[in-house]
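Here are the chains, one letter per residue:
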Amino acid sequence: MSGLPATVPYRLAGRRIEVTEPLDLGGEGRGTAEAVGFLRECQGLGLGVDWRATGSPSYDLGVLRHLPPPAELFCCPSELARWRGGYSFGTLYHRRGPGFVTVLDRRQEGTAVRLTLDHPDLHATFLRLLTPAPLDALGPTQREATDLLAAERLVLVTGGWAVTLPPRVRQWPVPCTAI
């Protein structure tokens, strides 16, 4: 399917994706960053995803609750229950404008945070990390921007890799007038 990274093996069945191998959420680097990037892109395209998770995360799984929950998460059954209970489409997403990105974050129950990233370094780094990247490939300014974005829970940094979390929603699952 156009727009999905080729880093994760999957099968397409209509508007559903079946990931054929467990995705590593353990936070050991590239695998986790690519898995999160893949799930983010599926979310942005409005695709349902059937997947299983492996690994014991070294980070707060709450940052991923905007993504569809896995069918299995053996390391943390109570976290899986919270993920399933708190998941809702559109709780975190971004929109782009000329020279800025607006992010809506409703992952924390009872709150809605809207951020505008218009500083050139923050904006460029946010867009750069839409493709998972190793931290040592980033310059000092991008590293500082990555740290700021991670502090706002807009970028996942784990295992020496970083990836942007909010999807760019290209297709809503229901007509916009029903939301």
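See the structure printed just above.
Structure report, in brief. It should be emphasised that the depicted structure is a prediction, and the values quoted were computed from it without experimental measurement.

## Description of the sheet that holds strand 1 (residues 10–13)
A sheet is described by the order of its strands in space; here three strands give the open sequence 1-2-4, paired in mixed fashion. Of all the strands in the sheet, the pair left with one neighbour each is strand 1 and strand 4 (48–50). Shown here is a sheet whose adjacent strand axes are inclined to one another by a mean of 25°, direction ignored. As paired strands, strand 1 and strand 2 (residues 16–19) are joined by four bridges and run antiparallel to one another. Opposite Y10, over in strand 2, you have V19 as the bridge partner. Taken strand by strand, helix 1 (residues 30–44) contacts strand 1, strand 2 and strand 4, and its axis lies near 165° from that of strand 2.

## As for the side chain of T125
For T125, the position within the fold is in helix 3 (residues 120–128). Given the relative accessible area of 1%, T125 is considered buried. Each residue touching T125, except ones within four places of it in the same chain, is listed here: Q142, A145, T146 and L149.

## What about unusual backbone geometry?
Of note, R153 is a non-glycine position whose phi angle comes to about 65°, a positive value. Its place among the elements puts R153 in the loop between helix 4 (140–151) and strand 11 (155–158). Overall, the relative accessible area of 30% leaves R153 in the partly exposed class.

## Thoughts on the side chain of E79
Examined against the element boundaries, E79 turns out to sit in helix 2 (residues 77–86). Engagement of the side chain of E79 in a polar contact is seen with the side chain of R82, the distance being 2.7 Å.

## What about the nonpolar core?
Ranked by size, the top nonpolar core spans 44 residues in total, and within it I17, V19, L25, V36, W51, L64 and W83 carry the most contacts. If you list the elements that add at least two residues to this core, you get strand 2, helix 1, helix 2, strand 8 (100–105), helix 3, helix 4, strand 11 and strand 12 (161–164). In terms of residue count, the dominant contributor to this core is helix 1 (six residues). Setting aside anything within four residues of it in sequence, one finds V19 in contact with V8, P9, Y10, F38, V49, D50, W51 and R52.

## Re the packing of aromatic side chains
Scanning all chains against the criterion turns up two aromatic pairs. The interplanar angle of 40° and the centroid separation of 5.4 Å between the aromatic rings of Y10 and F38 together place this pair among those described as tilted. Of this pair, Y10 sits in strand 1 while F38 is found in helix 1, placing the two residues 28 residues apart along the sequence. Using a relative accessible area of 24% as the deciding quantity, one classes Y10 as partly exposed. What makes F38 buried here is its relative accessible area of 0%. An angle of 65° between the planes, with centres 6.0 Å apart, marks the rings of W51 and W83 as edge-to-face. Placement of W51 in the loop between strand 4 and strand 5 (52–54) and of W83 in helix 2 is noted, with a sequence separation of 32 residues between them.

## Examining the packing of helix 3 against helix 4
Two elements in contact, helix 3 and helix 4, have axes whose closest approach is 9 Å; the angle formed by their N-to-C orientations is 80°. By the angle between their directions, the pair helix 3 and helix 4 is classed as roughly perpendicular. Along its contact with helix 3, which presents D121, L122, T125, F126 and R128, the element helix 4 presents T141, Q142, A145, T146, L148 and L149. Along the lines of polarity and charge, the residues of the contact of helix 3 with helix 4 split into five nonpolar, four polar and two charged.

Calculation notes
Residues numbered from 1 in each chain as written. Predicted model: local features only at pLDDT ≥ 70, side-chain atom pairs only at ≥ 80, totals over all residues. Heavy atoms only, no water. Pairing = 2+ DSSP bridges. Helix = DSSP H or I, 4+ residues; strand = E, 2+ residues; numbered from the N terminus. Axes fitted to C-alpha atoms, helices over the stretch in contact; angles between N-to-C directions. Contact = heavy atoms within 4.5 Å. Buried < 20%, exposed > 50% of the residue type's maximum accessible area, 1.4 Å probe, protein only. Polar contact = N/O pair within 3.5 Å; in protein donor to acceptor, adjacent residues only side chain to side chain. Core = buried A, V, L, I, M, F, W, Y, C linked by side-chain atoms within 4.5 Å. Phe/Tyr/Trp six-rings, centres within 6.5 Å; stacked < 30°, edge-to-face > 60°. Parallel < 35°, antiparallel > 145°, perpendicular 65-115°, else oblique. Nonpolar A, V, L, I, M, F, W, Y, C, P; charged D, E, K, R; others polar.

Interpretation in functional terms is not warranted from these geometric data alone.
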